[in-house]
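The primary structure of each chain is shown beneath.
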Amino acid sequence: MATISQPDVHVNAPGAHGTIIEIDDVHKYYDLGETRVHALRGVSLQIERGEFVAIMGASGSGKSTFMNILGCLDKPTSGRYLLEGIEASSLSKKELAAIRNRKIGFVFQGFNLLSRTTALENVELPTLYAHISKEESRKRSEQALQLVGLGDRTMHFPSQLSGGQQQRVAIARGLVNRPSILLADEPTGNLDSRTSVEIMDIFQRLNGDGLTVVLVTHEPDVAQFAKRSIEFRDGKIRRDEPIHDRPIAADVLKNMPTLED
Amino acid sequence: MDVMAIIRIAMRALARNKMRSSLTMLGIIIGVGAVIAMVSVGQGAQQQAQQQIAAMGSNILFVGSGTVTRGGMRMGSGATKTLIYEDMLAILRECPAVQAAAPGSQSSAQVVYGNDNWATQINGTEPQYFDIRTWPFQQGSSFTPNDVDMAANVAVIGETVRKNLFGATDPVGETIRISNLPFKVVGVLAPKGTSAAMGQDQDDVIIVPITTLQKKITGQDWLRWIMVSAISREASYTAQQQITSLLRDRHRIRSGQDDDFMVRNLADVADLADQQARLFTVLLASIASISLIVGGIGIMNIMLVSVTERTREIGIRMAIGATEGDVQQQFLIEAVVLSLVGGAVGIMSGVGASYLITQTLGWPVLVSPTAIVAAVVFSMAVGIFFGFYPARKAARMDPIEALRYE
Ligand SMILES: Nc1ncnc2c1ncn2[C@@H]1O[C@H](COP(=O)(O)OP(=O)(O)OP(=O)(O)O)[C@@H](O)[C@H]1O
Ligand SMILES: [Mg+2]
């Protein structure tokens, strides 16, 4: 898997282009004894390098299922998934783990941080499995925390952080191994509107640096910051269109009241 | 993921549940401690037995009367009256492998000195008995051949008897009463301790001239035993054969019939005692090992609980790139750290316990390095063995399912 172990330059190379994700007629069933839940019913989709995609849709429409497949956490029941041209179903468990570790950053629905583990150590977690030196790993984790604006909270435990701060730690963890794709499942789920915009500002900046971002959200207000909007309904793509004149989150923030006001 | 990092994670995970971790370790501590203490005690016993037998003289043969089969029933020692003084003389005359011999008769009696009395064993023999058994005197000396000829009322007492009857008084020259007869104490034997072979206190004894015992106390003229020394340890086996065939001949035992006496070779007894001590060691070690296994089951139990509790953590680790191997290693190392730390504490308490036990028993302290190495290896093996299944269970989890786990 030479493509995995190569140092990732995409984050700093906004010029790189090409198809990074190719999904072709993907189905996903869950067999629950007699009944069979049809979570995805034939999804086809291409995502280019450097895109910023927002996935919308009603609850239960298959968004998380889809993200898990994109994130190589789950396998489609049928259909093809090519990640950077490589058929995901052909990869061993070990290779999939390496892809999850280095190529993909995943921000879960619900933060999924390790409790009783500091913010810094949570962010460091993926580097432990990436054969990076201790010093390099510490440096990268601190940088990632700074990037999400938590440089001063490294030694806090998740229980000592607000929801928005926990979400940022989760984002920093997703970024620490410098992936080429960031997958975020409802990253603004339970956050107030200002904090949501702050998170979107981080995503826009990362995307500006060349990171491919796929984000699931319920809220049109959040989705509008992406470059492309896709709507799921009953396990199928109902709408897929580019977003024109998207707002810049940093500008929106300037016109929003701060917490102190 | 490097091993140091995994060990650090394991330590942290264990430190999070200090009470639980220490209780789990307690199982291993007790197991390892028990193995070390028991092996040390066993080996101490073995050495003690060897020392005692060496002190007893391994060229000694014990000829006892009795042990004849009558109607299918085996009678104990002393049940026949066929062993006589002339047999001893014949042994001395006709067995070239024999160096010396002493006749023996035996009784038990209440012994009185002043207001103190003590029930003990009375042995009747001749003075060469003390040489054969290489039994020195701490005070006074043996009675003489003349005392034997005269059936004199003189006695040699063992250390236990001295302690119980005399305390601080010097016994030599004092008069004691045995079965209401007055006896003058002429000597006190040096303490010999508990016999490893017979398991009895050898110092709880009074020795008088055999003639005195036979004529004045028991009224029996046959012998209970003959104590024989061979010219060397090797010769003791030859002596055993010579004595056996001589006595069979003298007692007119036809071939096919059982002996009406028994000849015990102390070289044999030494080997037997050694064998028994070895068996004792193995037995103790196996019992102790069982507690180590129980400790291992405790580890397995806690690791299984821990894996279930940390399902979500496992899911997170897998989702961000931990392989099955990484997860397995993490939990395996956690189990091994538990058992090794427990093993280390167990070694310390085992060594401590061995000192305590052997000191109390007055045995030589023998903390076996083999036992320590074995305990370390064994506790590590226990950690790996009992940690393997829970670790495997953790590694086999599906990341999606694990993340969903509430
Ligand atoms: N492990 C599973 N076993 C059985 N059914 C499942 C499983 N995971 C998801 N489903 C079903 O698949 C369908 C799609 O679920 P999914 O989680 O993808 O929805 P979603 O769009 O993310 O919803 P939400 O917006 O509420 O998060 C649902 O009907 C759900 O019940
Ligand atoms: Mg969802």
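Preceding block: the structure.
Everything numeric here is computed off the predicted structure, so don't read it as measured data.

Chemist: Any details on the interface of chain A and chain B? Residues and values, ideally.
Modeler: One frequently used descriptor of interface size is the decrease in accessible area upon assembly of the parts. Contact residues are listed per partner, giving 23 residues for chain A and 21 residues for chain B. Roughly 2100 Å² is buried in total at the junction of chain A and chain B, and carbon and sulfur atoms are behind 58% of that figure. Considering only the side of chain A, the residues that lose the most area to chain B are Leu73(A), Asn112(A) and Tyr129(A), jointly responsible for 30% of the buried surface there. One can count two salt bridges joining chain A with chain B.

Chemist: If you had to explain the coordination of the magnesium ion (ligand 2) to someone new, which residues and values would you point to?
Modeler: Residues and elements named next belong to chain A. The magnesium ion (ligand 2) binds to the protein through Ser64 (OG) and Gln109 (OE1), with metal-donor distances spanning 1.9 to 2.4 Å. Here Gln109 lies in the loop between β6 (104-107) and α4 (119-128) and Ser64 lies in helix α2 (residues 63-70), a separation of 45 residues in the sequence. Residue classification places Gln109 among the partly exposed residues on the basis of a relative accessible area of 44%.

Chemist: Give me the side chain of Asn112(A): which residues, what numbers.
Modeler: Locating Asn112(A) in the fold gives a position in the loop between β6 and α4. Given a relative accessible area of 8%, Asn112(A) falls into the buried group. Among the polar contacts made by the side chain of Asn112(A), one reaches the side chain of Arg312(B) at a distance of 2.8 Å. Not counting residues up to four positions away in its chain, the partners in contact with Asn112(A) are Arg173(A), Arg312(B), Ile316(B) and Leu403(B).

Chemist: Lay out the sheet that holds strand β10 (residues 236-242) of chain A with the relevant residues and their values.
Modeler: Residue and element names in this part refer to chain A. Reading across from one edge, β6-β7-β8-β3-β9-β10 is the order of the six strands in this open sheet, with mixed pairing throughout. Edge strands, defined here as strands with exactly one partner in the open sheet, are β6 and β10. Within the sheet, the average angular offset between the axes of one strand and its neighbour, ignoring direction, is 15 degrees.

Chemist: I'd like a description of the packing of helix α6 (residues 163-175) of chain A against helix α7 (residues 193-208) of chain A, backed by residues and values.
Modeler: Residue and element names in this part refer to chain A. Between α6 and α7, the least distance of the axes is 10 Å, while the angle of their chain directions is 15 degrees. Classed by the angle they form, the pair α6 and α7 counts as roughly parallel. Seen from above, α6 lies across α7 with right-handed handedness. Facing α6, whose interface residues are Gly164, Gln167, Arg168, Ile171 and Leu175, α7 presents Thr195, Glu198, Ile199, Ile202, Phe203 and Leu206.

Chemist: Tell me about the layout of surface pockets, and name the residues and values.
Modeler: Unoccupied space between atoms shows up once a probe the size of one water molecule is rolled over them. Put simply, the largest pocket is a space of about 640 Å³. Surrounding the largest pocket, 27 residues form its lining, Ser64(A), Asn68(A), Gln109(A), Asp185(A) and Arg404(B) being those nearest its centre. Going through the elements one at a time, β2 (35-48) and α2 of chain A together with α13 (399-404) of chain B are the ones with two or more residues in the lining of the largest pocket. It is α2(A) that contributes the most residues to the lining of the largest pocket, four residues altogether. In terms of residue class, the lining of the largest pocket is built from nine nonpolar, 11 polar and seven charged.

Chemist: I'd like a rundown of the packing of aromatic side chains, residues and numbers included.
Modeler: Enumeration over the complete set of coordinates arrives at nine aromatic pairs over all chains. A centroid spacing of 4.2 Å and a plane angle of 40 degrees characterise the contact between Tyr113(B) and Phe166(B), whose relative ring orientation is tilted. Taken together, the positions of Tyr113(B) in strand β4 (residues 98-113) and Phe166(B) in the loop between α6 (159-165) and β8 (175-178) put the pair 53 residues apart, joining distant regions of the chain. No difference in accessibility class separates Tyr113(B) from Phe166(B), as the two residues are buried. Ring geometry for Phe385(B) against Phe386(B): centres 5.0 Å apart, planes inclined by 85 degrees, an arrangement best described as edge-to-face. Linked through ring pairs, Phe62(B), Tyr129(B), Phe130(B), Phe137(B), Phe143(B) and Trp225(B) together constitute an aromatic cluster. If you follow Arg36(A) out to its NZ or CZ, it ends over the ring of Tyr29(A), 4.3 Å from the centre.

Chemist: Hey, could you go over α2(A) for me, with residue numbers and the actual values?
Modeler: Residue and element names in this part refer to chain A. Taking burial as the measure, the eight residues of α2 include seven buried ones, the bulk of the element. Here α2 has its buried residues at Lys63, Thr65, Phe66, Met67, Asn68, Ile69 and Leu70. At the exit of α2 stands Cys72, carrying a positive phi of roughly 60 degrees.

Chemist: Describe the site of ligand 1, naming the residues involved and giving the relevant values.
Modeler: By nearness alone, 16 residues border ligand 1, and Ser59(A), Lys63(A), Ser64(A), Thr65(A) and Arg404(B) come closest of all. Lying at an intersection of chains, ligand 1 is approached by residues of chains A and B. At 2.8 Å, a side-chain N or O of Lys63(A) approaches an oxygen atom of ligand 1. Between ligand 1 and Arg404(B) there is a distance of 2.6 Å, counted from a nitrogen atom to a side-chain nitrogen or oxygen. Judged by the proximity of its atoms to the pocket grid, ligand 1 belongs to the largest pocket.

Chemist: How would you explain the side chain of Gln167(A) if you had to name every residue and give the values?
Modeler: All names here are of chain A. Here Gln167 shows up in helix α6. At 2.6 Å, the side chain of Gln167 and the backbone oxygen of Pro187 are in polar contact. Non-local contacts of Gln167, meaning those with residues more than four positions away in its chain, are made with Val107, Phe111, Glu186, Pro187, Thr188, Leu191 and Ile199.

Chemist: With reference to specific residues and values, describe unusual backbone geometry.
Modeler: Residue and element names in this part refer to chain A. Although it is not a glycine, Asp25 sits at a positive phi angle of roughly 50 degrees. By the element assignment, Asp25 lies in strand β1 (residues 19-32). On the accessibility criterion, Asp25 (39% relative accessible area) is partly exposed. With a phi angle near 50 degrees, Glu84 is a residue other than glycine that sits in the positive phi range. Its place among the elements puts Glu84 in the loop between β4 (78-83) and β5 (86-87).

Conventions and cut-offs
- Residues numbered from 1 in each chain as written.
- Chains lettered and ligands numbered in written order.
- Predicted model: local features only at pLDDT ≥ 70, side-chain atom pairs only at ≥ 80, totals over all residues.
- Heavy atoms only, no water.
- Contact = heavy atoms within 4.5 Å.
- Buried area = accessible area lost by both parts, 1.4 Å probe.
- Salt bridge = Lys/Arg side-chain N within 4 Å of Asp/Glu carboxyl O.
- Donors = N, O, S within 2.8 Å, 3.2 Å for Na, K, Ca; no water.
- Helix = DSSP H or I, 4+ residues; strand = E, 2+ residues; numbered from the N terminus.
- Buried < 20%, exposed > 50% of the residue type's maximum accessible area, 1.4 Å probe, protein only.
- Polar contact = N/O pair within 3.5 Å; in protein donor to acceptor, adjacent residues only side chain to side chain.
- Pairing = 2+ DSSP bridges.
- Axes fitted to C-alpha atoms, helices over the stretch in contact; angles between N-to-C directions.
- Parallel < 35°, antiparallel > 145°, perpendicular 65-115°, else oblique.
- Left-handed = near helix turned anticlockwise from the far one by under 90°.
- 1 Å grid on protein atoms, 1.4 Å probe; cavity = no way out; pocket = protein on both sides within 12 Å on 5 of 7 lines; lining within 4 Å.
- Points joined across faces, edges and corners; volume = space filled by probe spheres on them.
- Nonpolar A, V, L, I, M, F, W, Y, C, P; charged D, E, K, R; others polar.
- Phe/Tyr/Trp six-rings, centres within 6.5 Å; stacked < 30°, edge-to-face > 60°.
- Lys NZ or Arg CZ within 6 Å of the ring centre and 35° of its normal.
- Near = heavy atom within 4 Å.
- Sits in = over half its atoms within 2 Å of the grid points.

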